Each structure stands twice: as structure tokens, then as C-alpha cells.
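# Observations on the three-dimensional arrangement
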Amino acid sequence: MTTAIRSLPGSVRQAVENENRRTALAALSVLETENDSDLDRLTGLAAGALGEAQAFLGIVGPEGQQIRAAHGLDVSTWTHAAGLTFSAHAIADPSASLVVPDAVRDQRFASDPIVLDLPCVRSFVAVPVLVRGQRVGALCVLSPRLGLAPGEAQLSQLGDIAALIGSCFELKHEARVSARTAAALTREEWRHALTLEAGQVGSWVWDLRSDEVVINDIMRAMFGLEGERHVTGQAFLDKIHPDDREMVDASIQGAFEEGQDYHAEFRVLGTGRWIVGRGRVYQRDGAGKPLVMMGIHLDVTDTREAAEHQRLLLLELNHRVKNTLAMIQSLARQTLRQSPDPKAFIDAFSGRLRALSDSHAVLSDRDWEGVALADLVQMQVGEQFDFGERFRISGPDISLPPDHALGLGIILNELVSNAIRFGALSVPGGHVAVEWALLPGRPRRVDLTWRESGGPQIAGPVEYGLGARLIERSLAKVLDSTVDLRFPPEGAQARISFPLPD
């Protein structure tokens, strides 16, 4: 409790304290209105009703008095104690109005700052202001002269004005509450709209009585209804692919008749887009008939395509694993027959296995969708030779399917290995040229030529037994492929031809 209120006489102070406690919850929250022109005008009417020039509206709370409106007064310099006794006694007095003809001689008010100093009040009338049935302050009309004595009609008029002030507080409070509620609802609507938009969620509200559906823009785009001003439930159903219509109808009927949640996954007619719908009946009449249904729709086309792509990749992987294991077994058997010595077997088999592994790694990085021919050649040669000096490649950009890449990778590895051991790459001045061309026709064919030069003179395929067989058989899975391996004196040559799928 403030010093201003503690300075009041005991009975008045107790009455004010009790009144404050009673009004704290019920009325003080209503009094948030700061000074405004409506209250100023009503205060001016009060002064005019008594033919005076000064009046103020004081609200008494736990922190003292607040001047909410004034007429003919400069209240900017007033403290909370100024005029406090006028308002406090009006609240505590059980009568409808408090008339004081001589404030100077009345001990209750003689020490009030506005009696002792400006505006030097000599007499006044104070009428309580009620908000929600509680006295929260007083409308005070002041006079610089002694003997202010209004008649019954004037007091009644003052009471009416005080009642209008109380109603004004309540109306303004209700307006503030309504405005805050509306603002909160608007913010919530915007938040929901932004959330739906960010998630690309189509929302809908279906009035089953009129068959009208209220939808957002995302929903319009999903079903190709951008130009439709009024959308009906039937318009949506007509957009569902005929093969999915029965399932959607059954789900809607289940929501209508059994109260189940609507859940369906279907294609949009004409676009092939896949949509997932969820909804619920939110309003029924007294007989249980559905009136309003609400829900959302999500475009899951990308998710379904990704899942299908993943399924195909797994099938392809299983197929590739089986083929790879069979190829590894064949390589192991042939290498073992050719190299009975364990160390020789490990060296030869590891190199071939590494070539197969490298091809698999490149294909896996590209989701088994193929690999560029130039990349495959460079991968098998590795970093041990400089392209453009000892190793030259040339040809157009060609993407090889997985089977072609695996078979050609083994061939290139064998050619590189034998060139390093016995051929052009075994001596400093040797060179290898790899050239390829894409031949038109149906199907298109790739012709690749391997030529060695500058290496040791050779008379035949010395120690090329298994390597030669691997080179000749590695494209066996590619129908209509040919491998021609020759050993002229200037160096080994290989001509490889295979078709490309359309």
C-alpha cells in the first residue's frame, strides 16, 4: 500500500483497501484504457452540468490514484496523492454522491495538495464510478469558490455521466479483448497457412449440405482447379483416376456411416500424380447425419517414385551380386588352373578382382545407370601413366550400360596388365593408343581399338593364355559382341565391337 493511501484516516483507508481487494480481480483489468478523448468529453460534460470549469476522473488502485481524464486542469504535474482524498472518500461513502461545500474547513480534505496549492479547490462534488458493480474511482467536479451546492437534477445528471464512464470502460475493455482475440486468430490462421504452404499440404473443408468445398491454393494446384471459383465435392471425385475411385468412395462412406477417419491414396486423372488424403467428419446433425468434413491432401508422387526406384535398384543389385559371384568363381578357377603357384595365383587373381571391384564402385556411385567409356579407360589405367604421353585415348562421349562396363573393364585390365609385363608399357619408349567410334544404325555399335607400339618385338601371344581367353570371353553377356586379339611384331592389338541398347 502506498504512502498516499496510508495517510488517509483509518476508516476511509480500510474502506478503500477493502474496495481495492474486491475490485482487484473484477474491475482493475477492465481499466487498462489510458487517457482518451471519450473520457475527456464525459468529464467536460460533468463540469458543464454544474456550470463549473474544472473536473477530473480519478481511479484509485493499489499504487494510489491515476487521473484518467480531466477538463480545465493541467494534471501533468499532479502526484498520485493529488485529489486522492476526493476519490477515496467518494468510494468509501455509502451515498450516491459526496458534496463538500468547504474543502478548506473540512479536515478530511484540508491537507490535499489540490486544496493547499493549485488549483486551490474550495468546494467540490464527487460521484463514484462503478465498473462491474464495483467502485473503482470518482468523477469530481471542482470549484474555486466556496459553497458549491448542486440540486437533485444536477446530481442525477452527474450520476448518469458517471454511469456512462463505467460503461465506457467496459465497452472499451470488450473492444480490446475482441481486437486481441481477432488478432490472435489472424496470427493463428497465418501460422497455419504458412505451415501448410511450407509443407505443400492441401487443406479442404467440405460442406456436405451444399456440396461446396473450401480449399487452399495448394489443393487447387494438386487437382488442376486453379480456374474454378466454386469447387464442389463432385468436382474432386471426378478428378480421381477411375481405377482408384471405388477405394476412395468406400473410405468416404466409412467416414460418413461408421465415423472412421477418411484415408485414401489415389492418382489424379490426367496427371498421374499420386495423392494421399486424410480427413474426418467434424459436424453432424441430431440424427447423426454428417454435415461438415475436413481434411488434407499430400502429393506423394516423388516419394512413390523414389520407393519404386529403390526397389528396382535392390532388384538390380541382387542380380548384379549373383552375376558378380559367378564371375569371381570363374576368374578364380581359371586363374588357379593357369597359376598353380599360390603367390602367382594371389597376384593374378587380386589384380582381376580389383578391376572388377573398381568397375562395381563406379557403377554404384552412378546408381547402376552406366559409366562413361572415357572414365572406365582412365580408371583401369590408373595414375601410373600420363595420359597424352605414353597413353593416348580418343573418342566421343559414350555411356556404357552396367554389363558392358563390367566386361570391358576386365578386358582393359588384362590389356593394361599384359602391356606392363610384356608389352609396350614394359619399356620406357613404349606407347598405347585407345580409340573408339560410335557407328550408326540399329542397334548402334561401339568399335574400340587398342594398339601398342614402341615395345619389345613379339612373334605371338607368349604367356597370354588365360589373359587372352579372358579378353575374348569377358563380353560374353553382351550379345552380338566380338573381340579380335592379335599380336603383330610392333605390339599387341585388340579390336572390340559391341552393340549399345537404344
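No experiment lies behind these values; they were computed from the predicted model shown.

Conventions adopted
- Residues numbered from 1 in each chain as written.
- Predicted model: local features only at pLDDT ≥ 70, side-chain atom pairs only at ≥ 80, totals over all residues.
- Heavy atoms only, no water.
- Helix = DSSP H or I, 4+ residues; strand = E, 2+ residues; numbered from the N terminus.
- Buried < 20%, exposed > 50% of the residue type's maximum accessible area, 1.4 Å probe, protein only.
- Areas by Shrake-Rupley, 256 points an atom, 1.4 Å probe, with all protein chains shown as cover.
- Axes fitted to C-alpha atoms, helices over the stretch in contact; angles between N-to-C directions.
- Parallel < 35°, antiparallel > 145°, perpendicular 65-115°, else oblique.
- Left-handed = near helix turned anticlockwise from the far one by under 90°.
- Contact = heavy atoms within 4.5 Å.
- Nonpolar A, V, L, I, M, F, W, Y, C, P; charged D, E, K, R; others polar.
- Pairing = 2+ DSSP bridges.
- Salt bridge = Lys/Arg side-chain N within 4 Å of Asp/Glu carboxyl O.
- Phe/Tyr/Trp six-rings, centres within 6.5 Å; stacked < 30°, edge-to-face > 60°.
- pLDDT = per-residue confidence, 0-100.
- Core = buried A, V, L, I, M, F, W, Y, C linked by side-chain atoms within 4.5 Å.

## Brief notes about the overall build of the chain
Check the secondary structure of the chain and you find 14 helices and 18 strands. Scored against the burial criterion, the 502 residues of the chain give a buried share of 45%. A total of about 26200 Å² of accessible surface is found on the chain, and carbon and sulfur atoms cover 54% of it.

## With respect to the packing of helix α12 (residues 373-381) against helix α13 (residues 402-421)
Remark: α12 packs on α13, axes separated minimally by 9 Å, with the N-to-C direction vectors making an angle of 40°. Considering the angle they form, α12 stands oblique to α13. Considering only the axes of α12 and α13, their crossing is right-handed. Residues L373, L376, V377, Q380 and V381 of α12 touch α13, and the partners they reach there are A405, L408, G409, L412, N413 and V416. When grouped by side-chain class, the residues that make up the contact of α12 with α13 number eight nonpolar, three polar and no charged.

## Some remarks on the sheet that holds strand β18 (residues 493-499)
Read across the sheet, five strands follow the order β13-β15-β16-β18-β17 without closing on themselves; strand pairing throughout is mixed. Single-partner strands in this sheet number two, and they are β13 (391-394) and β17 (482-486). Averaged over all pairs of adjacent strands, the angle between strand axes in this sheet comes to 10°, irrespective of strand direction. Relative to strand β16 (residues 445-453), strand β15 (residues 431-439) runs antiparallel, the two sharing nine bridges. Across the sheet, residue V432 finds its bridge partner in β16, namely E452. Contacts from α12 reach β13, β15 and β16, with the element oriented near 165° to β13. Here α13 sits on the sheet in contact with β16, β17 and β18, set at roughly 10° to β16.

## Some words on the pattern of salt bridges
Under the counting rule described, the total for this entry stands at 16 salt bridges. The partner of D249 in a salt bridge is R245, and the shortest N-O contact between them spans 3.2 Å. Here R245 and D249 lie together in helix α9 (residues 242-258), a separation of four residues that amounts to about one turn. Between D447 and R495 there is a salt bridge whose closest N-O contact spans 2.7 Å. Placement of D447 in strand β16 and of R495 in strand β18 is noted, with a sequence separation of 48 residues between them. Salt bridges sharing partners connect three or more residues here, namely D38, R41 and K172.

## Looking at the pairing of β18
For β18, the tally of buried residues reaches five of seven residues, placing the bulk of the element in the interior. Bridge analysis of β16 against β18 gives seven bridges, and the strand direction is antiparallel. Considered in β18, the bridge of V446 is made with F498. As judged from the five bridges shared by β17 and β18, these two strands associate in the antiparallel manner. Within β18, the residue paired with R486 across the bridge is Q493. The turn linking β17 back onto β18 is made up of six residues, and G491 within it adopts a positive phi angle of 150°.

## Brief notes about the packing of aromatic side chains
As enumerated under the stated definition, the model contains nine aromatic pairs in all. Taken together, a centroid distance of 3.8 Å and an interplanar angle of 10° make the contact between F86 and F124 stacked. Taken together, the residues F86 in helix α4 (residues 84-92) and F124 in strand β4 (residues 123-131) connect sequence positions 38 residues apart. Of the two residues, F86 and F124, both sit in the buried class. Each residue in the set F86, F109 and F124 is aromatic and connected to the rest through ring pairs, giving one cluster.

## Some remarks on the sheet that holds strand β8 (residues 231-232)
Read across the sheet, six strands follow the order β8-β7-β6-β11-β10-β9 without closing on themselves; strand pairing throughout is antiparallel. Across the chains shown, the open sheet's two edge strands, defined by having one partner strand only, are β8 and β9 (262-267). Note that strand β10 (residues 274-284) and strand β11 (residues 290-299) share nine bridges and pair antiparallel. Its bridge partner lying in β11, G279 is registered against G295. Here α9 sits on the sheet in contact with β6 (201-207), β9, β10 and β11, set at roughly 170° to β9.

## Notes on the confidence of the model for the chain
Predicted confidence across the chain gives a mean pLDDT of 81, with 76% of residues reaching 70 or more. When the elements of the chain are averaged for pLDDT, helix α1 (residues 3-6) gives the smallest value, 47, and strand β3 (residues 98-100) the largest, 95. For the stretch residues 1-5, pLDDT sits under 50, and the model shows 15 contacts to residues farther than four places along the chain or on other chains. The low-confidence segment residues 20-28, where pLDDT is below 50, has 17 contacts with residues more than four positions distant or belonging to other chains.

## With respect to the environment of R273
Mapped onto the secondary structure, R273 falls in the loop between β9 and β10. R273 gets classed as partly exposed once you look at its relative accessible area, which sits at 30%. With 31 residues separating them along the chain, R273 and R304 place their C-alpha atoms 9.8 Å apart. Ignoring anything within four residues of it in the chain, the contact list for R273 reads F266, R267, V268, D299, T301 and D302.

## What about the nonpolar core?
Within the largest apolar cluster, 31 residues are counted, with the highest numbers of intra-cluster contacts made by L373, F391, L400, L408 and W450. Counting residues per element, the ones that place at least two in this core are α12, α13, β15, β16, β17 and β18. A total of seven residues in this core trace back to one element, the largest contributor, which is α13. With near-sequence residues (within four places) excluded, L400 lies in contact with G370, V371, L373, L376, A405, L408, F498 and L500.

## Comments concerning the pairing of β9
Taking every second residue as pointing to the same face, the buried face of β9 carries Y262, A264 and F266, while none of H263, E265 and R267 on the other face is buried. Two strands pair when backbone bridges link them, and β9 and β10 are joined in this way by six bridges, in the antiparallel orientation. Opposite H263, over in β10, you have R278 as the bridge partner.

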